[in-house]
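Chains, contacts and geometry: an overview
The lines below spell out each chain.
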Amino acid sequence: MDKNFQEEQFTGITTFTPPLYKQRYQFIKDLVGKYKPKKVADLGCADCSLLWMLKFCSCIEVLAGLDVCASVMKEKMHRLSPLPGDYLQPAERSLTVTLHHGSVAHKDSCMLGFDLVTCIELIEHLEQSELKKFPEVVFGFMAPSVVVISTPNSEFNSLLSGVMLFRHPDHKFEWNRAQFQSWALETARCYDYSVEFTGVGHPPRGMENVGFCTQIGVFVRKYPQTSESAQSKEPTEAAYKTVFKAVYPSLKDEKYLRNAVVGEVIFTAQIIKRSLMDRLMLEHEEYNDNPAERKFQPSINYFSEDLGRLVGKHVEENMKPFVNGNVVYIPLTTIFSFPKVNRLCGTLEKLRELIAGKVTLSSDGSAVVFNTEHENEEN
């Protein structure tokens, strides 16, 4: 629940490198890499440090945090807002981050439909009445595919200097491994989950019998939840108050996709035009050096080998850029063949739709055009 957990301040027999909270967060990050969840909720999110780390995981599209202390969330929640760079280069995936003020002992439909729910150093902060309701809320009502619960292992406390009873003054209890596993196995049985036990924070050599400093249970739902069962769980009133919401710019939003495609098309067309004009300039110089070979050329059709390699395929005749007078024509089929443009648009028709009115096209809409006369005047 608290990033700067009091155990990190102990300077006695045992120290941890990296710090124990970072080991817990890395455990969650590795689990995200394994299960690839799209929607993740962190219960007891406190200062939002775990959420901040998870927002960089490319598979996650929805992040939600819940904590009973709104002031702690509000102090650090600005870190979850999009940065200027997120608008300059929007990601291909969508991402929405929401923070809620409320108790894990209450149900709210905003927490339905999550793939992974994390409860990191949370349950030991719950009163007995809250702990009693916790399994039904998380496993029965929310019913995510995976639940991760970490909690202190009281057997390790003898190795931590300064611990008299509990590691943190707000802890209501601290379980040994047998107590945690008994609770977890019964919870898993009641709600059709399997559970595996592990932990972080290895004990010193020779003291392995005390187990990990932080014990962890990973619960995996045995049977998929049907949409009908999810809908039947919705309560009539919201129990949580939303204190923060950020929607990140994404290429799934047509506004940002259009801007990205237009920028990429102009950039790609400029590369092709520059290569073409450089080659024509070289041929012009060779032409002037050999008066006997001069011939009248009203237009020139040229596509270099270098551009052919960029496109990565055999260049058909209708894909070749050409110059007619002072106008350079870059066929859309050529631009569409570039991998990034192709990936952004998917189809040539979509490419035309996205750049319409933003990029100068030929009369039949088949090519991007540049007037070199105007450029020469500007230069």
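That block above? That's the structure.
Below: a short report on this structure. (Residues numbered from 1 in each chain as written. Predicted model: local features only at pLDDT ≥ 70, side-chain atom pairs only at ≥ 80, totals over all residues. Heavy atoms only, no water.)

With respect to helix α12 (residues 348–355)
Turning to α12, its buried residues number three or more, namely Leu 348, Leu 351, Leu 354 and Ile 355. Around the axis of α12, the buried residues are gathered within 125° of arc, so they sit on the same side. Within two residues after α12, Gly 357 carries a phi angle of roughly 80°, on the positive side. (Buried < 20%, exposed > 50% of the residue type's maximum accessible area, 1.4 Å probe, protein only. Helix = DSSP H or I, 4+ residues; strand = E, 2+ residues; numbered from the N terminus. Arc of directions from axis to C-beta.)

Concerning the sheet that holds strand β2 (residues 62–67)
Taken together, the 8 strands give an open sheet; going across it, the order is β6-β7-β5-β4-β1-β2-β3-β8, and neighbouring strands pair in mixed fashion. Two strands in the sheet have a free side with no partner beyond their single neighbour: β6 (193–200) and β8 (241–247). Across the sheet, the mean angle separating the axes of adjacent strands is 15° when strand polarity is ignored. Bridging between strand β3 (residues 96–101) and β8 involves 6 bridges; their strand directions are antiparallel. Along β8, the bridge assignment pairs Thr 96 with Val 247. Strands β1 (39–43), β4 (116–120), β5 (146–152), β6 and β7 (214–221) of the sheet are contacted by helix α5 (residues 128–142), whose axis makes an angle of about 160° with β5. (Pairing = 2+ DSSP bridges. Axes fitted to C-alpha atoms, helices over the stretch in contact; angles between N-to-C directions. Contact = heavy atoms within 4.5 Å.)

Things to note about the nonpolar core
Among the nonpolar cores identified, the biggest contains 42 residues, and Leu 54, Ile 60, Leu 99 and Val 148 are the most heavily contacted of them. Ignoring anything within four residues of it in the chain, the contact list for Leu 54 reads Ile 28, Val 32, Val 40, Ile 60 and Leu 63. (Core = buried A, V, L, I, M, F, W, Y, C linked by side-chain atoms within 4.5 Å.)

Observations regarding the side chain of Asp 42
With respect to the helices and strands, Asp 42 occurs in strand β1. Notably, Asp 42 is buried but unbridged: the nearest opposite-charge side chain belongs to Arg 79, and the N-O separation is 9.8 Å. Within the structure, Asp 42 has its side chain in polar contact with the side chain of Thr 118 (distance 2.7 Å). Setting aside anything within four residues of it in sequence, one finds Asp 42 in contact with Leu 50, Leu 51, Ala 64, Gly 65, Leu 66 and Thr 118. (Lys, Arg positive; Asp, Glu negative; His and termini not counted. Salt bridge = Lys/Arg side-chain N within 4 Å of Asp/Glu carboxyl O. Polar contact = N/O pair within 3.5 Å; in protein donor to acceptor, adjacent residues only side chain to side chain.)

Things to note about helix α1 (residues 20–35)
Counted at 1.5 Å a residue, the expected span for α1 with its 16 residues is 22 Å, and the 23 Å between its end C-alpha atoms agrees. Buried within α1 we find Leu 20, Tyr 21, Gln 23, Arg 24, Tyr 25, Phe 27, Ile 28, Leu 31 and Val 32. Elements in contact with the buried residues of α1: α2 (49–54), β4, β5, β6 and β7. Just downstream of α1 lies Lys 36, where phi reads positive at about 50°. (Expected span 1.5 Å × (residues − 1).)

Quick look at the packing of aromatic side chains
Scanning all chains against the criterion turns up 14 aromatic pairs. These aromatic residues form a ring-pair network of at least three members: Phe 134, Phe 173, Trp 175, Phe 180, Trp 183 and Phe 197. Over the ring of Phe 114 we find Lys 39, and its NZ or CZ is 5.0 Å from the ring centre. When the ring centre of Phe 370 is taken as origin, the NZ or CZ atom of Lys 273, which lies over that ring, is 5.2 Å away. (Phe/Tyr/Trp six-rings, centres within 6.5 Å; stacked < 30°, edge-to-face > 60°. Lys NZ or Arg CZ within 6 Å of the ring centre and 35° of its normal.)

As for the environment of Leu 99
Looking at the secondary structure, you find Leu 99 in strand β3. In the structure, Leu 99 is positioned 58 residues away from Ala 41 in sequence and 9.5 Å away in space, judged by C-alpha atoms. Leu 99 has contacts with Cys 45, Cys 48, Leu 51, Gly 65, Met 73, Met 77, Leu 80, Lys 241, Thr 242, Val 243 and Phe 244, leaving out every residue within four places of it along the chain.

Focus on the pattern of salt bridges
Applying the stated criterion to the full structure yields 11 salt bridges. Between Glu 121 and Arg 24 there is a salt bridge; the shortest N-O distance is 3.7 Å. Remark: Arg 24 occurs in helix α1 and Glu 121 occurs in the loop between β4 and α5; sequence separation between them is 97 residues. The buried category is assigned to Glu 121, whose relative accessible area is 0%. Arg 24 gets classed as buried once you look at its relative accessible area, which sits at 2%. Residues participating in the shared-partner salt-bridge network are Glu 254, Arg 258, Lys 350 and Glu 353.

Details of unusual backbone geometry
Geometrically, the link from Thr 17 to Pro 18 is a cis peptide bond, its omega value of -5° lying close to zero. As for its placement among the helices and strands, Pro 18 is situated in the segment before α1. If you check the backbone angles, Glu 121 has positive phi at about 55° while not being a glycine. Residues other than glycine seldom take positive phi values, yet Ala 143 does so here, at roughly 45°. Its location among the elements puts Ala 143 in the loop between α5 and β5. Ala 143 gets classed as buried once you look at its relative accessible area, which sits at 6%.

Re the environment of Glu 124
Within the fold, Glu 124 resides in the loop between β4 and α5. Residues Glu 124 and His 168, 44 residues apart in the sequence, show an inter-C-alpha distance of 9.6 Å. A polar atom in the side chain of Glu 124 sits 2.8 Å from the side chain of Thr 151.

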